[in-house]
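# Observations on chain architecture
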Amino acid sequence: AGPGQAAMYAGLQELGVANGEDLKETLTNCTEPLKAIEQFQTENGVLLPSLQSALPFLDLHGTPRLEFHQSVFDELREKLLERVSAIALEGKVEERYKKLEDLLEKSFSLVKMPSIQPVVMCVMKHLPKVPEKKLKLVMADKDLYKACAVEVKRQIWQDNQALFGDEVSPLLKQYILEKENTLFSNDISVLHNFFSPSPKTRRQGEVVQKLTQMIGKNVKLYDMVLQFLRTLFLRTRNVHYCTLRAELLMSLHDLEINDICNVDPCHKFTWCLDACIREKFVDNKRARELQGFLDGVKKGHEQVLGDLSMILCDPFAINTLALSTIRHLQDLVGQDTLPRESPDLLLLLRMLSLGQGAWDMIDSQVFKEPKMEAELITKFLPMLMSFVVDDHTFNVDQKLPSEEKGPIPYPSTIPEAFTKFLQENRIACEIGLYYILHITKQRNKNAFLRLLPALVETFSDLAFSDIFLHLLTGNLTLLGDEFALEEFCTSLFDGFFLTACSRKENVHRHVLRLLLHLHHKVAPAKLESLQKALEPTKQSGEPVKELYNQLTEKLELRKPSPAEVTEAPSMELPLPTVPTPTSR
């Protein structure tokens, strides 16, 4: 028997059951092989008196004994698996687990026998605490570890953080990759962007579902995953880990895993914020609730702020808070109210500030809310409100009958303080960028061109971050017709995008995405110079080269063929004049 056959009989000898090796030995040392085989069959066959007369009947029908024994075996195994699952649910807790432990003790030596393995695995799966010795044996054998149920793996993982980390790590990589693929997707649309899927839809994603299943109800494993996420967030500053932190908690919430939800101090806060994210707005009632959680952080328990800040650092949370802030500012203009007089607005800023400060807080381990700069509220936000007023004034002016002095031009300068705020204050920068997204979405070209120069230098280059550029490129599709104008293209490309293309690969990618989508709107001369400016260098990564090639192909297709360009030979005979179709 080869190694494969040896595995088939693994463990039978220990139970005193004859196996292939025994038969081989018997046949090697006997004088009458047929008699020896018959005796072996009698001793090891199914010991049912009524069966002895039935077996020859099967022989007459040409049914091999192996087939018969195999079907009996399969039937018995199914019955045994059903019985194990039933034992796991009946009688007193101690008794049922005692039965299963005894069964495991008897059957474990056969765990490597493929035909019996499912039964042993089933017994382990139903035991809340598999004996340590058995777990170690499973863990030491790659194939056994692979074959065992997630319920057994959880028991192994909770005392082996490194092994659990090896299982979780590829999932976390996959998650980040999926997020980045969405941000760089070739589909550019104002209707379907990174923030379009609802929280509930996002939680159905493969990675969140797999992690939820791996954790089960095990608080220790949940804590380990959170620890991995914190560590990775610290190491990479990648905010998508914060999204996963919130999604995982809410996935467990959906399944009503109270063992975990009740011990996570962020549960109710996250649940409330999740509802706001679903509506893309923080209403007054929920704002009060969220404020209650923040004000309720007890002395000595400030560490929870680290977790809350991570929940608030999730881009989906920041997006909701920033959109709500812009909406509040517009309302305040209509009410003649200053930002400092609006408690709701101040709460939004407080949460934005906590979210944006997450990395520093977790890194420094100093758990207190970041101090809000007074000037943000007394100077920067009123400045944004004055931009809103400028738009209103301009629109009203346009409608008034024009007098001798001619139309009033749109204000073209921006206060120096605005640019300075965007460079030096993180919250101001975030709100400023969202205001720019807002005016772009409103197709307000004048306001967009006025504020665009302020984006070249921003706090920690936020204007060149993937999330902002993803949203901006989507909103710019609404201004598609403006791309035919030299002035607009020069401001947008030369004045903004191309200032960072050479030093930031991601900006290069986003510009190419935009042009792939809008190239047919851009003036031909401008398109040609952009094509030159955007040519990949030796240092460029594959995605840039790939996008550039796609763009080149599209532009080649648009060029008229040489046949169309050459003039038709003049005909000798005069022809009646026919109106020529205008060339497109």
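Our structure's up above, just so we're on the same page.
Residues numbered from 1 in each chain as written. Predicted model: local features only at pLDDT ≥ 70, side-chain atom pairs only at ≥ 80, totals over all residues. Heavy atoms only, no water.

Turning our eyes to something else, we now look at the overall build of the protein chain. Counting its secondary structure elements, the protein chain contains 32 helices and zero strands. Counting only residues that meet the buried cut, the protein chain has 43% of its 584 residues in that class. Residue pairs in contact within the protein chain that sit at least 24 positions apart in sequence constitute 71% of those at least 6 positions apart. (Helix = DSSP H or I, 4+ residues; strand = E, 2+ residues; numbered from the N terminus. Buried < 20%, exposed > 50% of the residue type's maximum accessible area, 1.4 Å probe, protein only. Contact = heavy atoms within 4.5 Å.)

A word on the pattern of salt bridges. Counted by the stated rule, this structure contains 27 salt bridges. Close ionic contact of K445 with E482 constitutes a salt bridge, the shortest N to O distance being 3.3 Å. With K445 in helix α26 (residues 445-451) and E482 in the loop between α27 (466-476) and α28 (486-501), this residue pair connects regions lying 37 residues apart in the sequence. One salt bridge connects K504 with D461, and the closest N-O pair in it is separated by 3.9 Å. Linking K504 in the loop between α28 and α29 (505-518) with D461 in the loop between α26 and α27, this pair joins segments that are 43 residues apart in sequence. It is possible to trace a salt-bridge network through shared partners that takes in R230, R245, D264 and D307. (Salt bridge = Lys/Arg side-chain N within 4 Å of Asp/Glu carboxyl O.)

Looking now at the packing of aromatic side chains. All chains considered together, the criterion is met by 17 aromatic pairs. Judged by centre distance (5.9 Å) and plane angle (10°), the rings of F380 and F418 are stacked. In this pair, F380 sits in helix α23 (residues 374-399) while F418 sits in helix α24 (residues 416-424), placing the two residues 38 residues apart along the sequence. What makes F380 buried here is its relative accessible area of 0%. Owing to a relative accessible area of 0%, F418 belongs among the buried residues under this scheme. (Phe/Tyr/Trp six-rings, centres within 6.5 Å; stacked < 30°, edge-to-face > 60°.)

With that settled, consider a nonpolar patch on the surface. Residues L27, L34 and I37 make up a contiguous nonpolar surface patch of about 270 Å² in total accessible area. Its place among the elements puts I37 in helix α3 (residues 33-44). Judged by its relative accessible area of 34%, I37 falls in the partly exposed class. (Patch = residues over 30% accessible without salt bridge, like charges linked within 9 Å, V, L, I, M, F, W, Y side chains within 5 Å. Areas by Shrake-Rupley, 256 points an atom, 1.4 Å probe, with all protein chains shown as cover.)

This next bit is on the packing of α27 against α28. Where α27 meets α28, the closest approach of the two axes is 15 Å, and the angle between their N-to-C directions is 170°. It follows that α27 is roughly antiparallel to α28 by the angle criterion. Contacts between α27 and α28 involve L469, L472 and L476 from the former and F488, L492, F496 and F497 from the latter. (Axes fitted to C-alpha atoms, helices over the stretch in contact; angles between N-to-C directions. Parallel < 35°, antiparallel > 145°, perpendicular 65-115°, else oblique.)

Moving on, we come to the environment of F108. Within the secondary structure layout, F108 lies in the loop between α6 (93-107) and α7 (117-125). A relative accessible area of 10% places F108 in the buried class. When sequence neighbours within four positions are dropped, the list of residues in contact with F108 reads V120, M124, K134, L137 and V138.

With that out of the way, let us pick up unusual backbone geometry. The backbone of E256 shows a phi angle near 55°, a positive value even though the residue is not glycine. Along the chain, E256 turns up in the loop between α15 (240-254) and α16 (258-261). Positive phi, normally seen in glycine, also occurs at K280, with a value near 55°. Tracing the chain through its elements places K280 in the loop between α17 (267-279) and α18 (284-295).

Our focus in this paragraph is the environment of R230. Tracing the backbone shows R230 in helix α14 (residues 219-236). Placed 76 residues apart in sequence, R230 and G306 show a C-alpha to C-alpha distance of 9.7 Å. The contacts of R230, once residues within four sequence positions are left out, are D307 and M310. For R230, the side chain forms a polar contact with the side chain of D307, separated by 3.4 Å. (Polar contact = N/O pair within 3.5 Å; in protein donor to acceptor, adjacent residues only side chain to side chain.)

With that settled, the discussion passes to the side chain of S540. Assignment of secondary structure puts S540 in the loop between α30 (524-533) and α31 (542-558). Polar side-chain contacts of S540 include one of 2.9 Å to the backbone nitrogen of T537. Filtering out sequence-adjacent residues up to four positions away, S540 remains in contact with E505 and K545.

Moving on to helix α10 (residues 150-157). Most of α10 sits out of view: seven of its eight residues are buried. Restricting attention to buried positions, one finds in α10 the residues V150, V152, K153, R154, Q155, I156 and W157.

Burial in α30 covers these residues: K526, L527 and L530. Buried residues along α30 cover an arc of 100° about the axis, so they all sit on one side. Along α30, exposed side chains directed more than 90 degrees from the buried face belong to P524, A525 and K532. Buried residues in α30 make contact with α28, α29 and α31. (Arc of directions from axis to C-beta.)

This is a description of form; function is not addressed.
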